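One letter stands for each residue in the lines below.
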Amino acid sequence: MSKVDILTSFSAETFISKYWQKKPVVLKSFIPNFEDPLTAEELAGLACEEFSESRLITESDADHWELKHGPFLESDFTSLPDKNWTLLVQAVDQFVDGVADLKNHFDFIPSWRIDDVMISFAAENGGVGPHFDHYDVFLLQGSGKRRWRISELCGSDELVRSDTELSILKDFSAVDDLLLSAGDVLYIPPRIGHWGTAETEGLCYSIGFRAPSHAEMLEGFSDFLSAGLESETRYQDNTSIPFSKGAEIDPSQLDEAYSELQKVFADRSKFDAWFGCLVSQAKYPELVFEPDSVYDKIKLQGLCDTGQYLYRNSCSRFAFRRLQNSSELAIFVDGNMAILSIDCLPQILMLCEQPVLTNSDIKAMMQDQSMVDLLCQLLNQGSLQTDESE
Ligand code: SIN
Ligand code: CO
């Protein structure tokens, strides 16, 4: 029986080289004296909001799971049994600051890799059944105790049960059985089977990562590339060789089209630009919306003069990269890109890492015209907000 390692002291280097995307591991007391940043009632309140993405999973009779999607009504919760159910709410980090702060504990992985913090509240014996996910996840235990059974690596051909809407594994054979308490973390790499069951009711925080499939990336990148191509640039016949007759396709007629498409595809700088836009896309773009009036330099100066702060929209995603020419950088926010001089790096770091820009931060940024333009762009696309829009 292969046992999952239990680490009592944490080193990011060891974790990344030995476990990340390779092996599950328990990080015992990863956050000592951990206290939940929200209550189960607050989580249930969020699950009733129109904007939230939530699920209620009930094990109705032994070994049978039922799934309901939110938003829920208060009465959905008052009619629940004492045991055997779990409420899950996605992306709580976008709505509760204390939950967003939990991501700081995992800053040894780039922030743009994180998808969201999903929170589950499980009543006694509640769980979502044996399954696997396609992405990495840190399961941070909050209040209560949860038992996790872990299985081997699952293949995409793994059989899932057909008697439930959930992707529950037909065959689940545990190789380890672990009990997590407040502040413990269980890291699960992609496709490792796992099954959590509440020993005592409580909350669990899933810090989930993103792993776009190659099929998704191919589709997204080719859409991006084709948007930049002229409709006049088309397939052309090669008249220096004789045509084949009738229905036959002569492969040598395709050489030019094939090599032209390969040239378009081989542009690495385009791939890097598209990738930055992809990973900075907001999870809920409808929550990043334009302000009522347009911001320009004069309006921004007005904000500055009245001592205002700027706040990052909690639903926005910021990332940046240095360009190969090393004199410029690209900042990606909510799927859009801007190129700036590398001299702006300290301000860009501030924008990407601080949830709030103080009045003096803004004043310092306004010394540079390209930063003024960027701040206006970010305000106009709803990625930055003012005191009024908060
Ligand atoms: C849970 O919180 O119970 C489910 C999380 C997961 O298995 O990914
Ligand atoms: Co899972």
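The model shown is predicted, which means the values in this text are computed figures rather than measured ones.

1. A word on the sheet that holds strand β11 (residues 192-200)
An order of β9-β8-β11 is seen for the 3 strands of this open sheet, with the pairing classed as antiparallel. Each of the sheet's edge strands pairs with one partner strand only, and the pair in question is β9 (176-180) and β11. Here the strands of the sheet are splayed against their neighbours by 20° on average, with no regard to which way each runs. Where strand β8 (residues 145-153) lies against β9, 5 bridges are found, and the strand directions are antiparallel. Within the sheet, the bridge partner assigned to Arg146 lies in β9 and is Leu180.

2. Comments concerning the pattern of salt bridges
Summed over all chains, the structure comprises 14 salt bridges. Of the charged contacts in the structure, one is a salt bridge between Lys270 and Asp267, with a shortest N-O distance of 3.3 Å. With relative accessibility at 26%, the residue Asp267 sits in the partly exposed group. A single network of salt bridges, built from pairs that share partners, joins Asp115, Asp116, Lys283 and Arg317.

3. A short note on the sheet that holds strand β15 (residues 328-333)
Strand order in this open sheet of 3 strands is β14-β15-β16, and the pairing throughout is antiparallel. At either end of the open sheet lies a strand with only one pairing partner, and these are β14 (318-322) and β16 (336-341). The average undirected angle you get between the axes of adjacent strands in this sheet is 20°. Strand contacts of helix α9 (residues 345-353): β14, β15 and β16, with the helix running at about 155° to β14, the strand carrying the most contacts. On the sheet, helix α11 (residues 369-380) packs against β14, β15 and β16 and is oriented at approximately 165° with respect to β16.

4. A word on the site of ligand 1
Inspection of the region around ligand 1 gives Met118, Ser120, Val128, His131, Asp133, Leu139, Arg146, Trp148, His194 and Ser206 as its neighbouring residues. One of the side-chain N or O atoms of Ser120 is found 2.7 Å from an oxygen atom in ligand 1. With respect to ligand 1, the side chain of Arg146 contributes an N or O atom lying 3.0 Å from an oxygen atom. When ligand 1 sits alone it has 260 Å² of accessible area, and the protein chains cover 94% of it. Among the secondary structure elements, those contributing two or more residues to the shell around ligand 1 are β6 (114-122) and β8. Residues of the shell around ligand 1, tallied by class, amount to 4 nonpolar, 4 polar and 2 charged.

5. Examining the nonpolar core
Membership of the largest hydrophobic core comes to 41 residues, with the highest contact counts inside it found for Leu87, Phe138 and Tyr205. Residues in contact with Tyr205, not counting those within four places in the same chain, are Phe34, Asp36, Pro37, Leu38, Leu102, Val117, Met118, Ile119, Phe138, Leu139, Leu140 and Gly142.

6. Topic: the coordination of the cobalt ion (ligand 2)
Under perfect tetrahedral coordination by four donors, a metal shows angles of 109.5 degrees; under perfect octahedral coordination by six donors, it shows angles of 90 or 180 degrees. Note on the cobalt ion (ligand 2): its protein donors are His131 (NE2), Asp133 (OD) and His194 (NE2). The metal-donor distances range over 2.1 Å. Counting gaps between the donor residues of the cobalt ion (ligand 2) yields the pattern H-x1-D-x60-H. One end of the pair, Asp133, is in the loop between β6 and β7 (137-141); the other, His194, is in strand β11, with 61 residues separating them in the sequence. Judged by its relative accessible area of 2%, His194 falls in the buried class.

7. Focus: the domain arrangement of the protein
Per the domain assignment, the segments making up the protein are domain 1 (5-209), domain 2 (214-227 + 251-266) and domain 3 (285-386). Put simply, the middle of domain 2 and the middle of domain 3, counted by C-alpha atoms, are 34 Å apart.

8. Thoughts on helix α2 (residues 40-47)
When α2 is considered as a whole, its buried residues turn out to be Leu43, Ala44, Leu46 and Ala47. Each buried residue of α2 lies within a common arc of 155° when the element is viewed along its axis, so the set occupies one face. Residues of α2 that are buried make contact with β3 (54-59), α3 (74-78), β5 (85-89), β6 and β12 (202-209).

9. Quick look at the pairing of β5
Two faces belong to every sheet, and in a regular strand the side chains alternate between them. Judged by how many residues are buried, β5 sits mostly within the fold: 5 of 5 residues are covered. Covered by surrounding structure in β5 are Trp85, Leu87 and Val89 together with Thr86 and Leu88, the residues of both alternating faces. Pairing analysis gives 4 bridges linking β5 to β6, with the strands arranged antiparallel. Across the sheet, Thr86 pairs through a bridge with Ala122, a residue of β6.

10. A word on the packing of aromatic side chains
One pair of aromatic rings is described through two measures. These are the centre distance and the angle between the planes. Taken as a whole and assessed by the stated rule, the structure comprises 30 aromatic pairs. A ring pair is formed by Phe106 and Phe108, whose centres lie 6.3 Å apart and whose planes are at 50°; its orientation type is tilted. Ring geometry for Phe138 and Phe209: centres 5.7 Å apart, planes at 70°, overall edge-to-face. With Phe138 in strand β7 and Phe209 in strand β12, this pair connects stretches of sequence that are 71 residues apart. A residue is classified by how much of its surface remains accessible, and Phe209, at 1% relative accessible area, is buried. Sitting above the plane of the Trp195 ring, Arg149 keeps its charged end 4.1 Å from the centroid. Its end group placed over the ring of Phe318, Arg312 keeps NZ or CZ at 5.3 Å from the ring centre.

11. Considerations on the packing of helix α5 (residues 214-227) against helix α7 (residues 268-279)
Running from N to C, α5 and α7 point in directions that differ by 110°, and their axes come no closer than 10 Å. What the angle tells us is that α5 and α7 run roughly perpendicular. As α5 packs across α7, the resulting crossing turns out to be right-handed. Of the residues in α7, those in contact with Met217, Gly220, Phe221, Phe224 and Leu225 of α5 are Lys270, Phe271, Ala273, Trp274 and Phe275. For the contact of α5 with α7, the class distribution of residues is 8 nonpolar, 1 polar and 1 charged.

Rules used throughout
- Here the residue index of a chain counts from 1 through its sequence in written order.
- Whichever chain is written first is A, and whichever ligand is written first is 1; the rest continue in order.
- The predicted origin of the model limits local features to residues at a pLDDT of at least 70 and limits the giving and counting of side-chain atom pairs to 80 or more, whereas totals for whole chains, interfaces and linings rest on all residues.
- To obtain the side-chain values, all non-hydrogen atoms of the structure were used and water was disregarded.
- Between any two strands, pairing holds if DSSP finds at least two bridges.
- Helix numbers and strand numbers start at the N terminus; a helix is a DSSP run of H or I with at least 4 residues, a strand a run of E with at least 2.
- In this description, a line fitted to the C-alpha atoms serves as the axis of each element, helices being fitted only across the stretch in contact, and the angle between N-to-C directions of two axes falls anywhere from 0 to 180 degrees.
- Salt bridges are defined as contacts in which a side-chain nitrogen from Lys or Arg sits within 4 Å of a carboxyl oxygen from Asp or Glu.
- Only protein chains enter the accessibility calculation, which uses a 1.4 Å probe; a residue whose area is less than 20% of its type maximum is buried, one above 50% is exposed, and one in between is partly exposed.
- Contacts were defined at the residue level, with two residues in contact if any of their heavy atoms lie within 4.5 Å.
- The cutoff for a nearby residue is simple: one of its non-hydrogen atoms must lie within 4 Å of the molecule or strand.
- Within 3.5 Å is the distance limit for a polar contact, defined as a pair of N or O atoms, with the added protein rule that one can donate a hydrogen and the other accept it, and that residues adjacent in sequence qualify only through two side-chain atoms.
- Here the accessible surface of atoms and residues is derived via Shrake-Rupley with a 1.4 Å probe, and residues count as covered only by protein chains that are part of the display.
- In the scheme used here, Gly and all other residues not listed as nonpolar or charged are polar, with Ala, Val, Leu, Ile, Met, Phe, Trp, Tyr, Cys and Pro taken as nonpolar and Asp, Glu, Lys and Arg as charged.
- Residues belong to a common nonpolar core when they are buried Ala, Val, Leu, Ile, Met, Phe, Trp, Tyr or Cys residues joined through side-chain atoms within 4.5 Å.
- Only nitrogen, oxygen and sulfur atoms within 2.8 Å of the metal, or 3.2 Å for Na, K and Ca, are treated as donors, and water is left out, so sites may look incomplete.
- An automatic or database domain assignment provides the domain bounds reported here.
- Note: the arc covers the axis-to-C-beta directions of the helix.
- Pairing of aromatic side chains requires ring centres within 6.5 Å, counting the rings of Phe and Tyr and the six-membered ring of Trp. Pairs whose planes differ by under 30 degrees are stacked, by over 60 edge-to-face, and all others tilted.
- Throughout this description, the term charge over a ring refers to an Arg CZ or Lys NZ atom that lies within 6 Å of the ring centre and within 35 degrees of the ring normal.
- The scheme is simple: roughly parallel for angles under 35 degrees, roughly antiparallel for over 145, roughly perpendicular for 65 to 115, oblique for anything else.
- Helix crossings fall into two classes, left-handed where the near helix is turned counterclockwise from the far one by less than a right angle and right-handed where it is turned clockwise.

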